Every structure is written in C-alpha cells, then in structure tokens.
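Structural description and commentary
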Amino acid sequence: MKKFLALALAALMLVALVGCSSSETPSTGGTEGEDTTEVANNQKPLIWFNRQPSNSTTGELDAAALNFNENTYYVGFDANQGAELQGQMVLDYINNNIDGLDRNGDGVIGYVLAIGDIGHNDSIARTRGVRRALGTAVGDEGTEDSTPVGTNTDGTSTYVKDGEITVNGTTYIVRELASQEMKNATGATWDAATAGNAISTWSASFGDQIDLVISNNDGMGMAMFTGWSKDNGVPTFGYDANADAVAAIADGYGGTISQHADVQAYLTLRLVRNILDGVDINTGIATADDAGNTLSDDVYYYDEANRSYYALNVAVTEENYKDFLDSTVPYAPVSNQLDAEAHPTKNVWLNIYNSADNFLSATYQPLLQNYDDILNLNVEYVGGDGQNESAIVNRLGNPSQYDAFCINMVKTDNAASYTAVLNQ
Ligand code: BGC
C-alpha cells in the first residue's frame, strides 16, 4: 500500500512537472505526431547498445558518454558471465567426447581461435574465457592476455601457455595452435569471410592437429564450419545463437551462447519508450507495464554506476538447441502490444554499425523490428559498413526530427562523434 501511495505521488509530481516543463525536459507523451515540448537534441534519450563506450586499448568505460545526459543508458549483456559459459561449454565437450577427439593421436588437443575485434570488450572477454577454461591463459584471472598468437603450433607463444587436461585417466596437452583478429583489408572486424580464409590457411598447413575450432562469434564460427570443420568432423563453437548456427548443431556444430538478444533488443527500445512516456525507467522491465510486460531478474540486471543494462547469457548445446531455433521471436514475457493512445508513436533514429554483421543483421535488427511495433516506435534504421564512422554520423543530418537515438558505434572510442552532433 505504501509503495502504491509513493508511486501515485511520484506520478502526480510527474504530471505537475510535465505541465510546467521547460525546454530541458524531454517530451512526455502528448498527442500522436506532435511533441508537447521542444526538447534540445542533447537532452533526448540516447541509448548506446552492443558496443559499450570504452577505451579500445584499456577497456576503461567512457563515463562521459555513458552520462551524456540523464536519459543516457547502455544496453548489452554480461560479457564475463557469457565468456565463462563459453569456456565451460568447450571444456564440458572435451570431457564428454574425448574418444577420437585427438584426431592425430599426438596427445595434444589443438584448437584454433577466431578473434572478433581486439579492441572490443565482448571479444576480449570471450578470448579470455576460453583460454581460462582450457588452461591456456597467461596472467591473472580477469586480466589475462588476450593477444592473438598468430601461429603457435610448437607451443612457444608467450601470449598463451599449454594447458593440461586429464580425462578418464589420460592426460592431454591443450594448445592454442593459432588465433588471429578477423579484420578484413578495409578494416571491418568480426569478419566472417576473413575467418573462412583463415581456416583454409590453417587447415592446409596443420589441419590434422586441429581438434577443435572456437570463435568469438557465430558469424565467423559458421564460416569456418561450412568452409572446413563440418566436412572434417571437427567440433566448432561460436557465440550469439544466430538461427543458422543453432540449426547447425544438428550437423555437428559444437554449441553457441545466447546473449539473450531478445531481451537486449527489448531493453534498447523500452528505455526509449519509458523516457518519452515520462514514466519510471524500469516500467515493463523490473515492474509490469499496463500491458503486462515485465522481465524477471534471471534474464538481466542493471548496473547503476555505469548506467548499463546487461542481459544474461545461456549456453545452447545439443541438449537444448531446439528451443533456440528461431532467434528473432520476441521474448514472450515482454511481447504484449502497448496501447497506441496511451503510448503514442515516437520517432527514433537507430544505427547498426555494420549491416554485414551476422549477429546484428540476422538476429538483433529483426528483433528490434518486432519490438518497435509492440512499443509503438517509428524507428529509422541506418546501416553502416563497419569501417567508416563518419558515413554513419553524416546520416544523422537533422537530429531534431527524432525523439530519441540508439547508437551502435563502429569503434567503442568514438562516442564523441555522435554526441557532438547532438550538442550542435
Ligand atoms: C556479437 C558479435 C558482433 C559484435 C558486433 C557482439 O556482441 O557477439 O557477433 O559481431 O557484437 O559489435
């Protein structure tokens, strides 16, 4: 009851506030198509997603970008929890499938690793998680070296070390035979075609030593699987639970991790909706909205200090993959349509840093497109080429046309390229 009274009071205060809002206050509802207030662009909702504003060398979060205004948030997923799951998934696979895994019988379980972007926190976490689980990491827990080794068939690299694993009384060496950042000639990272080329090169020179293929994501993982490992019966592990990768588990793809894109895409647009509606930021998230949408705390959490919402990850393997075959369906607990009168249409500018990115284009964007209908948001989707930040920024020519912005940077250091436009 107390809670109800407090909420009612908060609602009343809000109505009062809206009534006498200045140009500093975000537009909060009003009739469809028109704003009740003129809001400065730099006061509008700004949601960073998928690439957290941070220093690409040190990983340090960009506090200025995350606190650009009081309506700024980041939406991503818990990179460390997911990395841990991915490492554990590979380790479990080795323990449960040791017979015949060491293909050339040399006593070394050799793996190759496709690295997405050496300056991206998610990629770094995944490289560390796999190395940690397999005993090949060098350095203290959480700050292990994530440098690509290039080629390390002789085990002399100083970025990794040989691990050891004992299964059914036999001890094997675990070795990272090769790893590289999959960046193409024009600079696009997480590049699937580059991973496809890498596996051709690696398999041609030391193919019989490769017992496992591991990738920071499914786009690169699937390029390696279809290019080589499927035909050679070599288990391949990725990340993202893209629909094609999940389906490939039936054909021998070892497994993947769902980063709960269905929860992230919802949060990305839901935060916008809440700010524009002038309601509590956790409406339809921690607390049910008027349509019954709500998220339970086993699928996400909020890190207040960094203004970041993180979805939690789930391992997808032979045991449960059938539940994950369609990666673009809205998450059922948050799939209820909002009423168009209570939540009138608002205009949102949203960019995808690289329209060729498998995860963003095949999983995340289709989810956003489902949620924009549910949340009555009119979203303009802008696709980049993964290389050129300014080409994307230039397409934000007239920010005043939009009520909110959702941004996916090419490079995590580049938040200021966008905020500068909003400050103009
Ligand atoms: C995904 C990758 C994707 C990257 C783009 C990551 O979270 O796992 O597949 O390429 O985001 O920034």
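Since we're looking at a predicted model, the values are computed, not measured. (Residues numbered from 1 in each chain as written. Predicted model: local features only at pLDDT ≥ 70, side-chain atom pairs only at ≥ 80, totals over all residues. Heavy atoms only, no water.)

Focus: helix 9 (residues 358-374)
With 17 residues, helix 9 should reach 24 Å at 1.5 Å per residue; the first-to-last C-alpha distance of 24 Å fits that figure. A maximum bend of about 35° is found in helix 9 at tyrosine 364, where proline proline 366 lies one to four positions downstream. Burial in helix 9 covers these residues: Phe359, Leu360, Thr363, Tyr364, Gln365, Leu367, Leu368, Tyr371, Asp372 and Ile374. At its buried positions, helix 9 is contacted by strand 1 (46-49), strand 2 (72-77), helix 8 (261-277), strand 13 (346-352) and strand 14 (377-383). (Helix = DSSP H or I, 4+ residues; strand = E, 2+ residues; numbered from the N terminus. Expected span 1.5 Å × (residues − 1). Bend = angle between axes of the 7 residues up to and from the residue. Buried < 20%, exposed > 50% of the residue type's maximum accessible area, 1.4 Å probe, protein only. Contact = heavy atoms within 4.5 Å.)

Side note on the environment of leucine 338
Tracing the backbone shows leucine 338 in the loop between strand 12 (314-316) and strand 13. On the basis of relative accessible area, leucine 338 is assigned to the buried category, the value being 3%. Along the sequence, leucine 338 and asparagine 293 sit 45 residues apart, while their C-alpha atoms lie 9.1 Å from each other. Ignoring anything within four residues of it in the chain, the contact list for leucine 338 reads Arg270, Arg273, Asp289, Asp290, Ala291, Asn293, His343, Ile374, Leu375 and Asn376.

Description of the site of the ligand
Asn50, Arg126, Asn217, Asp240 and Asp357 are the nearest of the 14 residues found near the ligand. Between histidine 120 and the ligand, the recorded distance is 3.2 Å, taken from a side-chain N or O atom to an oxygen atom. Between aspartate 240 and the ligand, the recorded distance is 2.5 Å, taken from a side-chain N or O atom to an oxygen atom. Protein coverage of the free-state accessible area of the ligand, which is 310 Å², stands at 100%. When contributions to the shell around the ligand are tallied by element, the ones reaching two or more residues are helix 4 (121-134) and helix 9. Counted by class, the shell around the ligand contains 5 nonpolar, 4 polar and 5 charged residues. Inspection of the shell around the ligand shows a minimum of three residues originating in each of domain 1 (41-78 + 260-314 + 329-412) and domain 2 (98-234). (Near = heavy atom within 4 Å. Polar contact = N/O pair within 3.5 Å; in protein donor to acceptor, adjacent residues only side chain to side chain. Areas by Shrake-Rupley, 256 points an atom, 1.4 Å probe, with all protein chains shown as cover. Nonpolar A, V, L, I, M, F, W, Y, C, P; charged D, E, K, R; others polar. Domains from an automatic or database assignment.)

Topic: the nonpolar core
Core analysis: the largest hydrophobic core is formed by 104 residues, its most contacted members being Trp48, Leu295 and Tyr371. Counting residues per element, this core draws most heavily on helix 8, which supplies 10 residues. Two domains each put at least three residues into this core: domain 1 (41-78 + 260-314 + 329-412) and domain 2 (98-234). Not counting residues up to four positions away in its chain, the partners in contact with leucine 295 are Val263, Tyr266, Leu267, Gly284, Ile285, Ala286, Tyr300, Tyr331 and Val334. Of all hydrophobic cores here, the second largest spans 10 residues; its members include Met222, Ala245, Val246 and Val316. (Core = buried A, V, L, I, M, F, W, Y, C linked by side-chain atoms within 4.5 Å.)

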